[in-house]
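Examining the three-dimensional arrangement
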Amino acid sequence: MTNNPDNSSNSTINGLTSQESPATKITVRKLNLYYGDNHALHNIDMDLYKNKITALIGPSGCGKSTFLRCLNRMNELINGVKVDGDVIIDGKNIYDKDVDEVSVRKRVGMVFQQPNPFPKSIYDNVSYAPLKHGIVKKGQICDELVEKSLLQAGLWDEVKDKLTQPGTSLSGGQQQRLCIARTIAVEPDVILMDEPTSALDPLSTEKIETLMLDLKEKYAIITVTHNMQQAGRVADYTAFFHMGDLIEYADTETIFINPGKKKTEDYITGRYG
Ligand SMILES: Nc1ncnc2c1ncn2[C@@H]1O[C@H](COP(=O)(O)OP(=O)(O)OP(=O)(O)O)[C@@H](O)[C@H]1O
Ligand SMILES: [Mg+2]
């Protein structure tokens, strides 16, 4: 299993030479997860990179969302979950006893399949977490952070004259960009996205994909998608999961054009899933 797409020192990966090799942001080692008796993730080893988009693909129920939630300890919110193994972010295992899960979720933000703005104004959706975490105080600095986050999320021009209107009054695609603005307002390092465009029309999808390509300049992005074309368009690396196993992980071109495993090939050619 190729668990590190950049583990051969002299090879060229995705047009990168070894000198330009990506910086590791997250190191996952021997990660196992159990929902009660259901052993949902099996011994996952994987490195995830800064300034890259990594796509997680695989049939329904293979563990993509489960894996994603391990990266910010969101699974702990589910009763009966047991997680084993290491998820090391910037050298520190986020499952260590002295790590506070709220601080992890601030550094590792998440965007969900269904846009889920708070029942608050557009402004409050973006300012809520930074105010709560004490990143800013009310006033001009907060206004500036709201503007900056909405600008980065590509939504500012569409909402700047109606910041006091409810977030839920926006279109689905705008709501998803609002949720992205809300996520980046706390200045995370990593953004997790679980099928962020599956509820959106093609135009909104294109906007989110363009946004993802912009955002990777600042963040490590890990996204789940059932849309192979989307993985091809945005992802630097792609990981194929099947029944709780990480089957293959490599640069996206390899996964789609020259996969090393029969299971991967069967999946991407549409034989199952
Ligand atoms: N909250 C939960 N409680 C118990 N079991 C769960 C829970 N969430 C997921 N599972 C189980 O874990 C396994 C992996 O599910 P997961 O949701 O991670 O799959 P997925 O790859 O994201 O699927 P999909 O593409 O349908 O979203 C499945 O067997 C599922 O039934
Ligand atoms: Mg899922």
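One can find the structure itself at the top, above this paragraph.
What counts and how
- All residue numbers refer to position in the chain's written sequence, counted from 1.
- To read the labels, note that chains go from A and ligands from 1, taken in the order they are written.
- Confidence filtering applies because this is a predicted model: local features only for residues at pLDDT of at least 70, side-chain atom pairs given and counted only at 80 or more, and all residues used for totals across whole chains, interfaces and linings.
- Any two strands with at least two DSSP bridges between them are considered paired.
- Strands are runs of DSSP state E lasting at least 2 residues, helices are runs of H or I lasting at least 4, and numbering of each runs from the N terminus.
- Residues are classed as near a molecule or strand if the C-beta position derived from their backbone is within 6 Å of it.
- When residues are grouped by polarity, Ala, Val, Leu, Ile, Met, Phe, Trp, Tyr, Cys and Pro land in nonpolar, Asp, Glu, Lys and Arg in charged, and all others, Gly among them, in polar.
- Here a residue counts as buried when 20 or more other C-beta atoms fall within 10 Å of its C-beta, as exposed when 12 or fewer do, and as partly exposed in between; the C-beta atoms come from the backbone.
- The contact criterion used is a C-beta to C-beta distance within 7 Å, with each C-beta placed from the backbone.

1. Structural notes on the pairing of strand S2 (residues 38-49)
Two elements, strand S1 (residues 24-35) and S2, share eight bridges in a ladder whose sense is antiparallel. Within S2, the residue paired with Thr 27 across the bridge is Asp 47. Hairpin connection of S1 to S2: two residues between the antiparallel strands, including Gly 36 at a positive phi of 60 degrees.

2. Concerning the site of ligand 1
Taken together, Tyr 35, Asn 38, Ala 40, Gly 58, Ser 60, Gly 61, Cys 62, Gly 63, Lys 64, Ser 65, Thr 66 and Ile 78 form the complete shell of residues around ligand 1. At the level of elements, S2 and helix H1 (64-70) are the ones that each hand at least two residues to the shell around ligand 1. If you tally residues by element for the shell around ligand 1, the top one is H1, at three residues. Per-class residue counts for the shell around ligand 1 are four nonpolar, seven polar and one charged.

3. Description of helix H3 (residues 122-132)
Inspection of H3 places Ile 122, Asn 125, Val 126, Ser 127 and Pro 130 among the buried residues, and these make up the whole buried set. Tucked into the core, H3 has its buried residues touching helix H4 (140-152), helix H5 (156-159) and helix H6 (172-184).

4. Details of the environment of Phe 241
Turning to its location among the elements, Phe 241 is positioned in strand S9 (residues 237-242). Since 25 C-beta atoms lie within 10 Å of it, Phe 241 is described here as buried. C-alpha of Phe 241 to C-alpha of Asn 116: the two residues are 125 residues apart in sequence and 27 Å apart in space. Contacts of Phe 241, omitting those with residues within four sequence positions, involve Leu 56, Gly 58, Cys 62, Gly 63, Lys 64, Phe 67, Leu 246 and Ile 247.

Taken by themselves, the reported measurements are silent on function.
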